[in-house]
Amino acid sequence: MFVFFSDGILDARDRRGQLFGRGRVEHLVAECADKSADCVVNTLFKAVAEHSAGVESFDDQTVVAIKVKESPASDSSKQK
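Remember, predicted model here, so these are calculated numbers, not experimental data.

A. Molecular detail of the pairing of strand β2 (residues 63-66). Burial along β2 is one-sided: the face carrying Val63 and Ala65 is buried and the face carrying Val64 and Ile66 is not. Where strand β1 (residues 2-5) and β2 come together, four bridges link them in antiparallel fashion. Looking at the pairing, Phe4 lines up with Val64 of β2.

B. Main features of the nonpolar core. Ranked by size, the top nonpolar core spans 16 residues in total, and within it Ile9, Phe20, Val25 and Leu44 carry the most contacts. In terms of residue count, helix α3 (residues 37-51) provides more of this core than any other element does, seven residues in total. Leaving out residues up to four positions away in the same chain, Phe20 has contacts with Ile9, Leu10, Ala12, Val25, Leu28, Leu44, Ala47, Val48 and His51.

C. Here's a closer look at a nonpolar patch on the surface. A contiguous nonpolar patch, built from Phe2, Phe4, Val64, Ile66 and Val68 and spanning about 480 Å² of accessible area, is present on the exposed surface. Along the chain, the position of Ile66 falls in strand β2.

D. Region of the structure containing the pattern of salt bridges. Within the structure shown, the criterion is met by two salt bridges. For Asp14, the salt bridge identified is with Arg16, shortest N-O distance 3.2 Å. Its relative accessible area of 11% is what places Asp14 among the buried residues. For Lys46, the salt bridge is made with Glu50, and the minimal N-O distance between the two is 4.0 Å. Of this pair, Lys46 and Glu50 both sit in helix α3, four residues apart, which is roughly one turn of that helix. For the pair formed by Lys46 and Glu50, the shared burial category is exposed.

What counts, and where the lines are drawn
- Residues numbered from 1 in each chain as written.
- Predicted model: local features only at pLDDT ≥ 70, side-chain atom pairs only at ≥ 80, totals over all residues.
- Heavy atoms only, no water.
- Buried < 20%, exposed > 50% of the residue type's maximum accessible area, 1.4 Å probe, protein only.
- Helix = DSSP H or I, 4+ residues; strand = E, 2+ residues; numbered from the N terminus.
- Pairing = 2+ DSSP bridges.
- Core = buried A, V, L, I, M, F, W, Y, C linked by side-chain atoms within 4.5 Å.
- Contact = heavy atoms within 4.5 Å.
- Patch = residues over 30% accessible without salt bridge, like charges linked within 9 Å, V, L, I, M, F, W, Y side chains within 5 Å.
- Areas by Shrake-Rupley, 256 points an atom, 1.4 Å probe, with all protein chains shown as cover.
- Salt bridge = Lys/Arg side-chain N within 4 Å of Asp/Glu carboxyl O.

Right, dumping it as structure tokens:
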């Protein structure tokens, strides 16, 4: 899975001024590793919104997730 996100995700602050941060992003992406790309996008946006509830956003927030599916067994024999 490839996950791209803008700095507005990392820099989202709560009422105390705490950043959302890379560690939270990495944890949430890992939780969705066996799920769909939609899981990553929805989970990150929800978590950032909850983290920064009541604080006005000052930057754009963008998340793009792409999950590569494995080829079916019959197709893998054709690949070299």
